[in-house]
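Take a look at the letters that make up each chain.
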Amino acid sequence: MKTTVWIGILSGGMLLLTAQFALSRDKEDSMTWNRLARGEAAPGVASVTNKLYEQECGACHFAYQPGLLPAQSWKKTLNNLSDHFGETVELEKGDLAALTEYLTKDSADLSGNKFAISGKIIRSLGDKEIPVRITEVPYIVRQHHELSARHIGKNPDVKSLSNCNACHTHAERGSFREGEVVIPKFDRWED
Amino acid sequence: MRLDKVTVIVIALLFTPLGGMAQAKPADDLLAKYREQGARNVSAKEGETLWGRRFKDPESGEERACSTCHNNDLHATGRHAKTGKPIDPMASSANPKRLTDSKFIEKWFSRNCRWTLGRECTPGEKSSFLLFIQSQ
């Protein structure tokens, strides 16, 4: 008798957890769908969904969401991995092809109508501009123009504007809202 | 509160996937492979010495060592020299995922030996590194 009760409690608990998880996912999804139905883009950028990208690229640096650059920029970077911002990157051939497919498919040009930041990035770029650095994108530059060296370059916990998640506390989820910004050694950022 | 046998088994089963992860086998397989490739006189002590040795990068002029990114203390979190991204501890005792995947180990030996020493590591050097990491 006792055993049955225990098993019941355990499996009940697990079911509850699963249901809660499913519900919270549903809520997020339905919010996105509502927005899409109204023709509005979701805030931020699409979050990273590719395991290979997280492993191969995210091992060394923040796994920048593909929606932060246009497809041509990703191609330029992936075709020049022997000089990847001063480092040599070697990938297996199949991996390079898979990463190229993922990054271009979810790039800013292709997700710009679904995600607000991707759209703003694309609109800020000239027709022939192919930036290799996200920090060169006019929209990104404009968003950070109030910050100075003591916030970023001379701040040992930030070091560079390329360390998105040093200050954007929800960057990994593709969310870069101002209210989520906390600059290390400074207070919460307010305009 | 008294837990009967079945309950204990149910609880134990819930945790089984975690149990299999801490095997040292991949590293032992690699040690055998490196020995076949000619690795001799290898030791954890030699690995420790190599770990802290500095190599000058001819291009940038900077000195590089394993410890530059991975720390001298293998139980501590490291930091990527350029991006500052945290690197999980190397010691299996602090990070059970270490030394569990031979493909992963070889990939990073290749990448990191080239960055640090400017060349591939020899089978002997790799063996000593593995023994040193295992000893931590």
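Residues numbered from 1 in each chain as written. Chains lettered and ligands numbered in written order. Predicted model: local features only at pLDDT ≥ 70, side-chain atom pairs only at ≥ 80, totals over all residues. Heavy atoms only, no water.

The next thing to look at is the overall build of chain B. Secondary structure summary: chain B contains seven helices and four strands in total. For chain B, the α and β elements follow one another from N to C terminus as α-α-α-α-β-β-α-β-β-α-α. Put simply, chain B has 136 residues, and 36% of those count as buried. Put simply, chain B shows about 8,300 Å² of open surface, and 55% of that area lies on carbon and sulfur atoms. (Helix = DSSP H or I, 4+ residues; strand = E, 2+ residues; numbered from the N terminus. Buried < 20%, exposed > 50% of the residue type's maximum accessible area, 1.4 Å probe, protein only. Areas by Shrake-Rupley, 256 points an atom, 1.4 Å probe, with all protein chains shown as cover.)

Interpretation of this model should avoid reading the predicted coordinates in detail wherever pLDDT is low. For chain B, per-residue confidence averages 88 on the pLDDT scale, and 84% of positions sit at 70 or higher. Across residues 19–23 of chain B, confidence stays below pLDDT 50; counting only partners more than four residues off in sequence or on other chains, it has five contacts. (pLDDT = per-residue confidence, 0-100. Contact = heavy atoms within 4.5 Å.)

For Asp29 of chain B, the location among the structural elements is in helix H3 (residues 25–36). Between the C-alpha atoms of Asp29 of chain B and Ser93 of chain B, which are 64 residues apart in sequence, the distance is 20 Å.

Residues and elements named next belong to chain A. As assigned here, chain A comprises domain 1 (45–126) and domain 2 (144–191). With centres defined by C-alpha atoms, the gap from domain 1 to domain 2 works out at 21 Å. Each partner contributes to the interface: domain 1 provides six residues, whereas domain 2 provides eight residues. Surface buried jointly by domain 1 and domain 2 totals about 590 Å² across both partners, of which 62% is contributed by carbon and sulfur atoms. (Domains from an automatic or database assignment. Buried area = accessible area lost by both parts, 1.4 Å probe.)

Take the state of the cysteines next. Scanning all chains against the criterion turns up one disulfide over all chains. In this model Cys113 of chain B forms its disulfide with Cys121 of chain B; the gap between the sulfur atoms is 2.0 Å. Measuring handedness by torsion sign, the sulfur bridge of Cys113 of chain B and Cys121 of chain B sits at about -100° and is left-handed. The pair Cys113 of chain B / Cys121 of chain B is uniform in exposure class, with both members buried. Looking at Cys57 of chain A, it has no disulfide partner, and the nearest cysteine sulfur is the one in Cys60 of chain A, 8.7 Å off. The structure places no disulfide on Cys164 of chain A, whose sulfur is separated from the nearest cysteine sulfur, that of Cys167 of chain A, by 9.5 Å. (Disulfide = S-S within 2.5 Å.)

All names here are of chain A. Here helix H4 (residues 93–105) contains 13 residues, and its C-alpha end-to-end distance of 19 Å stays within 8% of the 18 Å for a straight helix at 1.5 Å per residue. Here H4 has its buried residues at Asp95, Leu99, Tyr102, Leu103 and Thr104. As for H4, its buried residues are in contact with helix H2 (51–56), helix H3 (71–78) and helix H5 (108–111). (Expected span 1.5 Å × (residues − 1).)

Before going further, it helps to spend a moment on the pattern of salt bridges. Applying the stated criterion across every chain yields a total of 15 salt bridges over all chains. A salt bridge links Glu106 of chain B to Lys33 of chain B, with the nearest nitrogen and oxygen atoms 2.7 Å apart. Residue Glu106 of chain B is located in helix H6 (residues 102–117), and its partner Lys33 of chain B is located in helix H3; the two are separated by 73 residues in the primary sequence. Taking the relative accessible area as the measure of exposure, Glu106 of chain B reaches 26% and is therefore partly exposed. Residue class for Lys33 of chain B comes out partly exposed when judged on its relative accessible area of 34%. Each of Glu56 of chain A together with Lys107 and Arg111 of chain B takes part in one network of salt bridges that share partners. (Salt bridge = Lys/Arg side-chain N within 4 Å of Asp/Glu carboxyl O.)

Residue and element names in this part refer to chain B. All buried positions along helix H4 (residues 44–52) are accounted for by Gly47, Leu50 and Trp51. Viewed end-on, H4 has its buried residues packed into an arc of 105°, placing them on one side of the element. Residues of H4 that are buried make contact with helix H5 (66–70) and helix H7 (123–135). (Arc of directions from axis to C-beta.)

All names here are of chain B. When you line up the elements, Ser92 lands in the loop between strand S4 (86–87) and H6. The exposure class of Ser92 is partly exposed, given its relative accessible area of 28%. Sequence-wise, Ser92 and Leu74 are 18 residues apart; in three dimensions their C-alpha atoms are separated by 9.0 Å. Once residues within four sequence positions are removed from consideration, Ser92 is found in contact with Arg98, Leu99 and Gln136.

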